[in-house]
Amino acid sequence: MAADGQVRDAMILTSSGSAVLDDIALHAVSQAAPLPAPPEALLTDGRFSFTVPFRFR
């Protein structure tokens, strides 16, 4: 994500095995934007990266 909380890139690290569920997870991330801006101390080259686990039941 960018310093302003905008999601700049999202990707699936480990597929659920279902393209539909993987697409839903990516869509959820894009719908959550803008996120709160991360603290400047956590930025690297103006970006902040993190992993969000999704569990579908």
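In short, a report on the structure. (Residues numbered from 1 in each chain as written. Predicted model: local features only at pLDDT ≥ 70, side-chain atom pairs only at ≥ 80, totals over all residues. Heavy atoms only, no water.)

Some remarks on the pattern of salt bridges
Overall, the coordinates contain 1 salt bridge when judged by the stated rule. Measuring nitrogen to oxygen at the nearest pair gives 3.7 Å for the salt bridge that ties Asp4 to Arg8. (Salt bridge = Lys/Arg side-chain N within 4 Å of Asp/Glu carboxyl O.)

A look at the side chain of Asp22
Within the element layout of this structure, Asp22 appears in helix α1 (residues 19-32). For the buried Asp22, no salt bridge is present, and the opposite-charge side chain at shortest range is Arg55, 13 Å distant. (Helix = DSSP H or I, 4+ residues; strand = E, 2+ residues; numbered from the N terminus. Buried < 20%, exposed > 50% of the residue type's maximum accessible area, 1.4 Å probe, protein only. Lys, Arg positive; Asp, Glu negative; His and termini not counted.)

Let's talk about unusual backbone geometry
A cis amide bond links Ala33 with the next residue in sequence, Pro34, at an omega value of 0°. As for its position among the elements, Pro34 is in the segment after α1. Of note in this structure, Asp45 is not a glycine but carries a positive phi near 55°. Tracing the backbone shows Asp45 in the segment after α1.

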